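Working through the structure, step by step
Below are the chains, spelled out letter by letter.
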Amino acid sequence: MPVETTSKRKKLLITGAILLLIVLLLSLLRCNDDKEGTQVPETAGSPGTESVTDTTDTDTLLVEDPDTVAVNEVTGHVRKKSRVKSKKKIKKDAVTEKTTETSEKSQPAEEHSQPLVHNNKAPRQDAQPKAQQTYYKFPKKHEFRAGLRAGSGYSRILSLGGMFEDYSTRPRFSMKEKGSMVFRGGAYSTWQYGRIGAELGLDYMHQSSTMEKNSYTTGLGESAKFSTDMIAPQLMFRFYPLKDVYMSAGAALAIPFHSDISYSTNRTGTVYRQQDELTSKHMNQSFKSRAQLMPSLKIGYLHRKTGLEASIEYNYGISDLYHTRANDYGFMERENRSHYIGLTLGYSIELNKDRHEDK
């Protein structure tokens with residue numbers, strides 16, 4: 001038994017790794033499409049020349065002509081001192097005289113630097129075209145698609161062992177629950193407007209799990225496999241962060257139309273085989289499958305030109321899947337929730353006439 005379980009665990013790990021590799025490949029394809037669609041913006045010019053031209057055009061200094069200042073001093077502009085100046089006015093005159101002297105000293109250096117600036121002045125780049133960058137614009141139109149999909153995943157039903165044992169005493173047995181690989185497929189239709197959209201689907205689902213019990217004292221090994229076929233209408237809302245990549249959330253209602261519980265032991269012989277068949281019959285009479293509400297999360301990739309689509313979906317059944325009827329066999333009522341995660345491949349076509357082109 002442990003050898004089989006380890007091999008099955010390896011299979012599950014391998015399938016999970018394959019699913020992750022597929023998602024990574026799809027994301028790499030998406031990144032390559034985005035890189036091919038983008039263009040490198042052209043540089044309008046060197047920032048150094050623009051800063052120089054701006055300073056030469058705007059920054060100017062108004063300095064008095066030293067000749068005129070000398071003439072004014074030579075002409076003998078005499079200030080009549082009618083009254084004694086205050087200390088504040090004397091300080092102001094001294095400050096103004098110092099500023100005029102410094103401006104006269106800095107004027108020759110600026111006169112020499114101005115011709116150099118005008119020689120290095122570069123022409124303005126107003127005539128050059130602006131940098132162009134191509135990117136995808138989501139069409140502001142209603143897009144309708146319809147298609148088919150199919151895939152497989154891992155399903156597990158919880159609390160199966162609790163229907164057989166209440167664990168009131170110290171157990172002398174080991175009990176193990178494990179899921180199984182199941183099939184899923186159906187039809188779906190989508191609607192998209194810009195970055196938002198919706199998905200309506202009708203799928204066939206198969207839920208299956210196995211309960212194994214081994215007794216330490218007698219060596220009896222028991223196995224009960226629960227299988228249920230369902231029709232699951234589903235409604236999900238989509239969001240497109242990228243052109244072809246979407247994320248969706250919603251819920252599905254799994255409605256069972258056929259259930260089967262098979263019971264077997266490690267005992268051999270015709271009598272024991274008949275007892276196992278009778279126990280299976282009692283279990284099918286005592287357990288009744290019910291509709292289960294399953295919130296869903298999905299991440300997918302849609303190639304619009306070919307219509308191919310791949311997605312990874314997770315469903316969690318929050319309601320009780322199996323109801324235990326009143327019986328004389330010791331079966332008890334438990335809340336049997338479920339998990340499902342799987343990979344789905346689909347193909348869809350656009351229904352409206354106006355074809356959306358990539359921009």
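Above this text you will find the structure in question.
Cut-offs applied
- Residues numbered from 1 in each chain as written.
- Predicted model: local features only at pLDDT ≥ 70, side-chain atom pairs only at ≥ 80, totals over all residues.
- Heavy atoms only, no water.
- Helix = DSSP H or I, 4+ residues; strand = E, 2+ residues; numbered from the N terminus.
- Expected span 1.5 Å × (residues − 1).
- Buried < 20%, exposed > 50% of the residue type's maximum accessible area, 1.4 Å probe, protein only.
- Arc of directions from axis to C-beta.
- Contact = heavy atoms within 4.5 Å.
- Patch = residues over 30% accessible without salt bridge, like charges linked within 9 Å, V, L, I, M, F, W, Y side chains within 5 Å.
- Areas by Shrake-Rupley, 256 points an atom, 1.4 Å probe, with all protein chains shown as cover.
- Salt bridge = Lys/Arg side-chain N within 4 Å of Asp/Glu carboxyl O.
- 1 Å grid on protein atoms, 1.4 Å probe; cavity = no way out; pocket = protein on both sides within 12 Å on 5 of 7 lines; lining within 4 Å.
- Points joined across faces, edges and corners; volume = space filled by probe spheres on them.
- Nonpolar A, V, L, I, M, F, W, Y, C, P; charged D, E, K, R; others polar.
- Phe/Tyr/Trp six-rings, centres within 6.5 Å; stacked < 30°, edge-to-face > 60°.
- Lys NZ or Arg CZ within 6 Å of the ring centre and 35° of its normal.

Each α-helix turn comprises 3.6 residues. Residues three or four places apart therefore point the same way. With 17 residues, helix α5 (residues 270-286) should reach 24 Å at 1.5 Å per residue; the first-to-last C-alpha distance of 25 Å fits that figure. Here α5 has its buried residues at Asp-276, Ser-280, His-282, Met-283 and Ser-286. Each buried residue of α5 lies within a common arc of 165 degrees when the element is viewed along its axis, so the set occupies one face. Residues Thr-270, Val-271, Gln-274 and Glu-277 are exposed on α5 and point more than 90 degrees away from its buried face. For α5, the elements touching its buried residues are β4 (221-239), β5 (245-265), β6 (287-289) and β9 (322-324).

Glancing now at a nonpolar patch on the surface. Residues Phe-144, Leu-308, Tyr-347, Ile-349 and Leu-351 make up a contiguous nonpolar surface patch of roughly 500 Å² in combined accessible area. Its place among the elements puts Tyr-347 in strand β10 (residues 338-350). Taking the relative accessible area as the measure of exposure, Tyr-347 reaches 46% and is therefore partly exposed.

If you roll a probe as big as a water molecule over the atoms, it shows you where there is empty space left. Each pocket or cavity is described by its volume, and for the largest pocket that value is around 620 Å³. Along the walls of the largest pocket sit 30 residues, with Leu-19, Leu-20, Val-23, Ile-312 and Leu-343 positioned nearest its centre. Looking at the lining of the largest pocket, the elements that each hand over two or more residues are α1 (2-37), β1 (143-157), β7 (292-302), β8 (308-317) and β10. Looking at the lining of the largest pocket, the element that brings in the most residues is α1, giving 12 residues. Of the residues belonging to the lining of the largest pocket, the class tally is 20 nonpolar, nine polar and one charged.

Looking now at empty space enclosed by the protein. A full pass over the atoms with the stated rule returns three cavities of 30 Å³ or more. Quantified by volume, the largest cavity comes out at close to 60 Å³. If you trace the largest cavity, you find it lined by Arg-149, Tyr-188, Glu-199, Arg-238, Tyr-246, Lys-298, Glu-309, Ser-311, Thr-344, Leu-345 and Gly-346. When residues of the lining of the largest cavity are traced back to their parent elements, those giving at least two are β8 and β10. A per-element tally of the lining of the largest cavity places β10 first, with three residues. Of the residues belonging to the lining of the largest cavity, the class tally is three nonpolar, three polar and five charged. One number sums up the size of the second largest cavity: a volume of about 40 Å³.

Our next topic: the packing of aromatic side chains. For the structure on display, the rule yields nine aromatic pairs. Judged by centre distance (5.5 Å) and plane angle (80 degrees), the ring pair of Phe-164 and Phe-331 falls under edge-to-face. Pair noted here: Phe-164 is in the loop between β1 and β2 (173-193) and Phe-331 is in the loop between β9 and β10, with a separation of 167 residues, a long-range link. The same class applies to Phe-164 and to Phe-331, which are both buried. Plain terms: the ring middles of Phe-183 and Tyr-204 are 6.4 Å apart, the flat faces sit at 35 degrees to each other, and that makes the pair tilted. Linking Phe-183 in strand β2 with Tyr-204 in strand β3 (residues 196-215), this pair joins segments that are 21 residues apart in sequence. In textbook terms, an aromatic cluster arises when at least three aromatic residues are bridged by ring pairs, as seen for Phe-164, Phe-226, Phe-287, Tyr-322, Tyr-329 and Phe-331. Note that Lys-213 overlies the ring of Phe-173, its terminal NZ or CZ placed 4.7 Å from the centroid. Taking the ring centre of Tyr-246 as reference, the NZ or CZ of Arg-238 above it sits at 3.8 Å.

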